[in-house]
Amino acid sequence: MLQKKICMVGAFATGKTSLVARFVTSIFSEVYQTTVGVKIDKKIVNLNGKDLTLILWDLHGEDNFQKVRMSYLRGSSGYLLVVDGTRRNTLDKALELQQRVEETIGKVPFILVLNKSDISNEWEIENREMDELIEKGWHLIKTSAKTGLGVEELFQMLGLKILEE
Amino acid sequence: MLNFPEPVVNYLLNLMLENRSLAYLLIAKDGCLADWGGKLTAYGVMNLQKGQNIGQQLFFLEGLLPLDNFPLFLACVKTEQGFCADLHIFPSVQGDWVLLLDASLDETQRSLIQQQANNSSLLHEKITKVLNQ
């Protein structure tokens, strides 16, 4: 069966692990638990009648003390840049990480994920900033690992973009 | 081969085997499994098939191989079965070698520190946000 590796990239506590857990097991936990190293899961998705196994690499989040090791991204067919909509600095971190990822593995499909849309009243990211990224040709999607909003669509969308390549 | 006395080398090897569950895989350049050994069951790895594609047998290796003549180190790789390993991958004429070393203890210790640090950072961000309002 066709298999593709995709990586979850972003600042710490943006919800990368929660998005994977919601997608793979339909479970959400309110308790924040940090990721050390990388956690690998897989799930089969059906795209236009074809089965594709997504190998999901949930990388530890980047913080002031720990940079994401780009070696984890080797062989990745695509990646998800995860942002916590309630923390403006996580968008800056995502933009910085995107450059580093592209320098390492080249241009592969990616999606900017604006997570925690269930508390959009607390958001610090303005529509103007999102529009600017869309104008650059980026794909953005709003998700909530808590409610499940946009999660299935997110992985389906990335899977399709990978298959189109 | 080494500038170390045999008892030292043997001691170190036993240490790796007993404390860190040393295991290895040899993957041919066509991506098929050529050989394996060591404590692979400690990582939940079993029923391997020689000559079959490794990515289909061990999904965490999908996309990583073959190497471009440079070694690769991946720390604290955790699979769905919950095993945590440091992966050392290096090339040779026979193919690419994958060494697995148990990293559960390291992960547990780092996780405690990392959790505290991240919780503190989140709290700091929240306080700053409130003060700026």
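These numbers were taken from a predicted model, which means no experiment stands behind them.

The rules behind each value
- Residues numbered from 1 in each chain as written.
- Chains lettered and ligands numbered in written order.
- Predicted model: local features only at pLDDT ≥ 70, side-chain atom pairs only at ≥ 80, totals over all residues.
- Contact = placed C-beta atoms within 7 Å.
- Helix = DSSP H or I, 4+ residues; strand = E, 2+ residues; numbered from the N terminus.
- Pairing = 2+ DSSP bridges.
- Axes fitted to C-alpha atoms, helices over the stretch in contact; angles between N-to-C directions.
- Parallel < 35°, antiparallel > 145°, perpendicular 65-115°, else oblique.
- Nonpolar A, V, L, I, M, F, W, Y, C, P; charged D, E, K, R; others polar.
- Buried ≥ 20, exposed ≤ 12 C-beta atoms within 10 Å, placed from the backbone.
- Right-handed = clockwise from strand over helix to strand, strands pointing away.
- pLDDT = per-residue confidence, 0-100.

What should I look at first to understand the interface of chain B and chain A in this one?
As a measure of interface size, the accessible area lost when the parts come together is often cited. The interface is formed by 25 residues belonging to chain B together with 21 residues belonging to chain A. The leading source of residues in the side of chain B that touches chain A is helix 3 (residues 104-132) of chain B, at 10 residues. Relative to strand 3 (residues 72-78) of chain B, strand 2 (residues 38-47) of chain A is paired through 2 bridges, and the arrangement is parallel. In the sheet register, Val-38 of chain A faces strand 3 of chain B, and the bridge partner there is Val-77 of chain B.

Got a minute to help me understand the packing of helix 1 (residues 16-25) of chain A against helix 4 (residues 151-164) of chain A in this structure?
Each pair of packed helices can be summarised by the angle the axes make with each other and by the distance between the axes. All names here are of chain A. At their nearest, the axes of helix 1 and helix 4 sit 9 Å apart, and the two run at 90° to each other. Judged by the inter-axis angle, helix 1 sits roughly perpendicular to helix 4. Residues Leu-19, Arg-22 and Phe-23 of helix 1 touch helix 4, and the partners they reach there are Val-151, Glu-152 and Phe-155. Grouping the amino acids of the contact of helix 1 with helix 4 by side-chain chemistry returns 4 nonpolar, no polar and 2 charged.

Which parts of the structure should I look at to understand the pairing of strand 4 (residues 78-84) of chain A?
When a strand is regular, its side chains alternate between the sheet's two faces. All names here are of chain A. Of all 7 residues in strand 4, 7 are buried, a share of seventy percent or more. Residues Gly-78, Leu-80, Val-82 and Asp-84 line one face of strand 4 and the alternating positions Tyr-79, Leu-81 and Val-83 line the opposite face, and both faces are buried. Bridge analysis of strand 1 (residues 3-10) against strand 4 gives 5 bridges, and the strand direction is parallel. Paired with Val-9 across the bridge in strand 4 is Leu-81. Bridging between strand 4 and strand 5 (residues 110-115) involves 6 bridges; their strand directions are parallel. Pairing of Leu-80 across the sheet is with Ile-111, part of strand 5. In this view, the connection linking strand 4 to its parallel neighbour strand 5 by way of helix 2 (residues 88-105) has right-handed handedness.

Looking at this structure, how should I read the confidence of the model for chain B?
Confidence in the prediction for chain B averages 94 pLDDT; 99% of positions are at 70 or higher. Scored as a complex, the prediction yields pTM 0.95 and ipTM 0.92.

Which parts of the structure should I look at to understand unusual backbone geometry?
A negative phi holds for most residues other than glycine; trans holds for most peptide bonds. Residue and element names in this part refer to chain B. Residue Pro-66 follows Leu-65 across a cis peptide bond; omega there is 0°. Note that Pro-66 resides in the loop between helix 2 (54-57) and strand 3. You will see that Asn-47, though not glycine, has its phi angle at about 55°, which is positive. Considering the arrangement of structural elements, one finds Asn-47 in the loop between strand 2 (33-38) and helix 2. Asn-47 sits in the exposed class, given 5 other C-beta atoms within 10 Å. Within the chain, Cys-76 stands out as a residue other than glycine whose phi angle is a positive 45°. Locating Cys-76 in the fold gives a position in strand 3. By the C-beta count within 10 Å, which is 20 here, Cys-76 ends up buried.

Just to check I follow, could you spell out the environment of Gln-52 of chain B for this structure?
Residues and elements named next belong to chain B. Take Gln-52: it is sitting in the loop between strand 2 and helix 2. Residue classification places Gln-52 among the exposed residues on the basis of 12 C-beta atoms within 10 Å. Residues Gln-52 and Asp-102 lie 50 residues apart in sequence; the distance between their C-alpha atoms is 25 Å.

Would you mind going over helix 3 (residues 127-135) of chain A with me for this structure?
In an α-helix, one turn spans 3.6 residues; hence positions three or four apart end up facing the same way. Along helix 3 of chain A, only 0 of the 9 residues are buried, which leaves the element largely exposed. Following helix 3 of chain A by one or two positions, Gly-137 of chain A has its phi on the positive side, about 95°.

Would you mind going over the sheet that holds strand 1 of chain A with me for this structure?
Two orientations exist for strands paired in a sheet by backbone hydrogen bonds: parallel and antiparallel. The strand order 6(A)-5(A)-4(A)-1(A)-3(A)-2(A)-3(B)-4(B)-5(B)-1(B)-2(B) describes an open sheet built from 11 strands, whose pairing is mixed. The open sheet has two free edges, formed respectively by strand 6 (140-142) of chain A together with strand 2 of chain B, since each of these has just one partner strand. This sheet shows a mean twist of 30° between the axes of neighbouring strands, independent of strand direction. The pairing of strand 1 (residues 23-27) of chain B with strand 5 (residues 96-102) of chain B spans 5 bridges and is antiparallel. If you follow Ile-27 of chain B over to strand 5 of chain B, its bridge partner there is Asp-96 of chain B. Here helix 1 of chain A sits on the sheet and contacts strand 1, strand 2, strand 3 (50-59), strand 4 and strand 5 of chain A; the angle it forms with strand 2 of chain A, its principal contact strand, is near 40°. Against the sheet, helix 2 of chain A makes contact with strand 1, strand 4 and strand 5 of chain A, and its axis sits at roughly 160° relative to strand 4 of chain A, the strand it touches most.

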